[in-house]
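# Examination of the molecular architecture
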Amino acid sequence: MHWQKDRDYRVIRIYRDLVGDWVVEQCWGNAYTCQQSHTLVDSRQAARAMMLQINRKQRKMGFRRSAPGEEQLDFGFELG
């Protein structure tokens, strides 16, 4: 998910890493700075709940969702 307010932005990604852990990645900044954090969560549902909480906070701060500037690639890898 992408949020934008003037030149400030926040991007949230949910993914599974190579060992199968769920990760919530947050990137935020503006035209001059960029910060990043990675949080391990127990499940996809926990990652989604975290994303929804972040979404509410961003909207309260005046951020609006923007169209993503990236493409999700499917390489056909199956975890299992």
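Our subject is the structure that appears above.
The residue count restarts for each chain, going from 1 along the sequence in the order it is written. Only residues with pLDDT of at least 70 get local features here, since the model is predicted, and only at 80 or more are side-chain atom pairs given and counted; chain-wide, interface and lining totals rely on the full set of residues. Here the side-chain values reflect all heavy atoms present in the structure, with hydrogen atoms and water set aside.

Residues other than glycine seldom take positive phi values, yet D6 does so here, at roughly 55°. Mapped onto the elements of the fold, D6 is located in the loop between β1 (2-5) and β2 (8-16). What counts as a helix is a DSSP run of H or I of at least four residues, what counts as a strand is a run of E of at least two, and both are numbered from the N terminus.

Right, let's talk about helix α1 (residues 44-60) for a bit. To estimate how far a helix should extend, the number of its residues minus one is multiplied by 1.5 Å. Taking 1.5 Å per residue as the helical rise, α1 with its 17 residues ought to reach 24 Å, and the 25 Å between its terminal C-alpha atoms agrees with that figure. Remark: exposure states derive from per-residue accessible area (1.4 Å probe, protein chains only) relative to the maximum for the residue type, with buried under 20%, exposed over 50%, and partly exposed in between. Those residues of α1 lying buried are A47, M50, M51, I54, N55 and Q58. One side of α1 holds all its buried residues, which, seen down the axis, span an arc of 145°. Seen from the buried face of α1, the exposed residues on the opposite side, beyond 90 degrees, are Q45, Q53, R56, K57, R59 and K60. Buried residues along α1 sit against β1, β2, β3 (22-29), β4 (34-41) and β5 (64-65). Backbone geometry just downstream of α1 places G62 in the positive-phi region, at approximately 90°. Taking the helix axis as origin, the arc is that swept by the directions to the C-beta atoms. By definition in these notes, contact holds between two residues if any of their heavy atoms fall within 4.5 Å.

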